[in-house]
Amino acid sequence: NLEIINVLIENALKPVTITTSSVCRNYQTKLTYLNSDIMEGFLKQGFIPVMYGDVVLDEKIKFSICSGDSIMYWLARVFRPDRVAFLADVKGIYDADPKLNPEATLLKTVDTQTKLNTETGNIDDVTGLMKGKLSAMFEIAALGINTWMISGIDQNALYSFMANEEVKGTKIEP
């Protein structure tokens, strides 16, 4: 989160961190509420809200993880942006784990027919490895929103994406 905030600041943008636990609520680990009015208020003031997956109140099991993937899908449904980017510690989606296989090839596009090993995917987190991310990305792409996975480590990638310039990454097709 801090790295993303710093990239935005370095590029003369105005980021603001929105604490996930203060605007989201889950029910049995599924996101059921997100106060998008907070995001809309910051956007109207020229700020760029930045959120991340975190522990939130869960109406059934007290606490659970609200994934960044779920947040992205919720916000995409509400705001209908032209495009969204999922950030990763690699340049996009590969045909193999690039951390384990130096011969791994970056895929320029993936769709629901692309055969991927989602259980041992190259992007892992506590909420479902690549499988959960791909699910959210396909759902967003199905809304007609250009959906990408790009490097969150390469500061130029995020800036280029936000400036609508060409960036190495993977485009997700519905």
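So, a few notes on the structure that sits alongside this text. Numbering of residues starts from 1 in every chain and runs along the sequence as written. Restriction of local features to residues with pLDDT of at least 70 applies here, the model being predicted, together with a cutoff of 80 or more for giving and counting side-chain atom pairs; totals for whole chains, interfaces and linings are based on all residues. Side-chain descriptors were evaluated using all non-hydrogen atoms of the structure, hydrogens and water having been removed beforehand.

## Quick look at the pairing of strand 3 (residues 30-34)
Okay, step 1: If DSSP finds at least two bridges between two strands, the strands pair. Numbering goes from the N terminus for both helices and strands, where a helix is a DSSP run of H or I of at least four residues and a strand is a run of E of at least two. Of the pairings in the sheet, the one linking strand 2 (residues 24-27) to strand 3 comprises four bridges and is antiparallel in character. The partner of R25 across the bridge, within strand 3, is Y33.
Okay, step 2: Taking the residues that link successive antiparallel strands as the turn, the strand 2-strand 3 hairpin has two residues, and the phi of Q28 there is positive, at about 50 degrees.

## A closer look at the environment of V78
Okay, step 1: In this fold, V78 is placed in helix 4 (residues 68-79).
Okay, step 2: For V78 and I48, which are 30 residues apart along the polypeptide, the C-alpha to C-alpha distance reads 16 Å.

## Some points on helix 4
Okay, step 1: Multiplying 1.5 Å by the residue count of a helix minus one yields the expected span of that helix. Look at helix 4: 16 Å from first C-alpha to last across 12 residues, which is about the 16 Å you get at 1.5 Å a residue.
Okay, step 2: In this scheme, a residue with accessible area under 20% of its type's maximum is buried, one over 50% is exposed, and one in between is partly exposed, where area comes from a 1.4 Å probe on protein chains only. All of the buried residues in helix 4 are D69, I71, W74, L75 and A76.
Okay, step 3: Immediately beyond the C-terminal end of helix 4, within one or two residues, lies R80, with a positive phi of roughly 50 degrees.

## Focus on helix 1 (residues 2-10)
Okay, step 1: The complete set of buried residues in helix 1 reads I5, V7 and L8. For helix 1, the angular spread of the buried residues around the axis is 160 degrees, confining them to a single face. Opposite the buried face of helix 1, by more than 90 degrees, sit the exposed residues L2 and E10.
Okay, step 2: Looking at the buried residues of helix 1, the elements they touch are strand 1 (15-17), strand 4 (48-50) and helix 6 (155-162).
Okay, step 3: Among the residues trailing helix 1, A12 stands out with phi positive, at a value near 60 degrees. By definition, the arc is the one covered by directions from the helix axis to the C-beta atoms. Contacts are assigned to residue pairs that have any heavy atoms within 4.5 Å of one another.

## A look at the packing of aromatic side chains
Okay, step 1: Put simply, two rings from Phe, Tyr or Trp (the six-membered ring, in Trp's case) pair if the centres are within 6.5 Å, and we call them stacked under 30 degrees between planes, edge-to-face over 60, tilted for the rest. If you walk through the whole model with that rule in mind, you get one aromatic pair.
Okay, step 2: Seen from their ring centres, F42 and F47 are 5.9 Å apart, and the 80 degrees between their planes marks the pair as edge-to-face.
Okay, step 3: With relative accessibility at 27%, the residue F42 sits in the partly exposed group.
Okay, step 4: Classification of F47 by relative accessible area gives partly exposed; the value is 29%.
Okay, step 5: In this arrangement the basic side chain of R83 is found over the ring face of F161, its NZ or CZ atom lying 3.8 Å from the centre. Lysine NZ or arginine CZ positioned within 6 Å of the ring centre and within 35 degrees of the ring normal marks a charge as sitting over the ring.

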